[in-house]
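Chain by chain, the residues run as shown.
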Amino acid sequence: PQTNQQPDLSTLPKFVMGDVTRVEGQKVFISAEGEKTIVATAATKVVKQVKAKDGSLSLADAKLAELKAGNKIVAYYSDEPVGSEYSATKIQIID
């Protein structure tokens, strides 16, 4: 039986995705419906997607220093942004 119940969006991870325009220290600036600032802390986990020979994707540890303009990232956060500044719990480098 189908229900018209809406999913509980509060249980989904909060994230913002965009293209890196520049990196300044612990701040990553992305283009995503305007410019957004992703702030990394010592607790922010940074990972990157790695493609295996069979085409499957896995995640590997990465460093903030690996980020450069042109990378596409997903930044996960738990606290609501302050203006357009997001405090990242995890940054995933897509490409």
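Being a predicted model, the structure only gives us computed values, none of them experimental. (Residues numbered from 1 in each chain as written. Predicted model: local features only at pLDDT ≥ 70, side-chain atom pairs only at ≥ 80, totals over all residues. Heavy atoms only, no water.)

Caption draft 1: Main features of unusual backbone geometry. With a phi close to 55°, Glu33 is a non-glycine residue in the positive phi region. With respect to the helices and strands, the residue Glu33 is situated in the loop between β2 (27-31) and β3 (35-39). (Helix = DSSP H or I, 4+ residues; strand = E, 2+ residues; numbered from the N terminus.)

Caption draft 2: Here's a closer look at the packing of aromatic side chains. Tallied over the full model, the rule gives two aromatic pairs. Their ring planes at 50° and their centres at 5.9 Å tell us that Phe15 and Tyr76 sit as a pair that is tilted. Of the two residues, Phe15 sits in strand β1 (residues 14-24) while Tyr76 sits in strand β6 (residues 72-77), which places them 61 residues apart along the sequence. A cation over a ring is seen here: Arg22 above Phe29, with NZ or CZ 3.8 Å from the ring centre. Between Lys90 and the ring centre of Tyr76, over which it is positioned, the NZ or CZ distance is 5.2 Å. (Phe/Tyr/Trp six-rings, centres within 6.5 Å; stacked < 30°, edge-to-face > 60°. Lys NZ or Arg CZ within 6 Å of the ring centre and 35° of its normal.)

Caption draft 3: Fine view of the pattern of salt bridges. Counted according to the given criterion, the structure contains seven salt bridges. Note that Lys72 and Asp19 form a salt bridge whose closest N and O atoms lie 3.2 Å from each other. Of this pair, Lys72 sits in strand β6 while Asp19 is found in strand β1, placing the two residues 53 residues apart along the sequence. Among the residues examined, Lys72 registers a relative accessible area of 28% and is labelled partly exposed. Several salt bridges share partner residues, and in doing so they unite Arg22, Glu24 and Glu35 into one network. (Salt bridge = Lys/Arg side-chain N within 4 Å of Asp/Glu carboxyl O. Buried < 20%, exposed > 50% of the residue type's maximum accessible area, 1.4 Å probe, protein only.)

The quantities given are spatial measurements derived from coordinates; they are silent on function.
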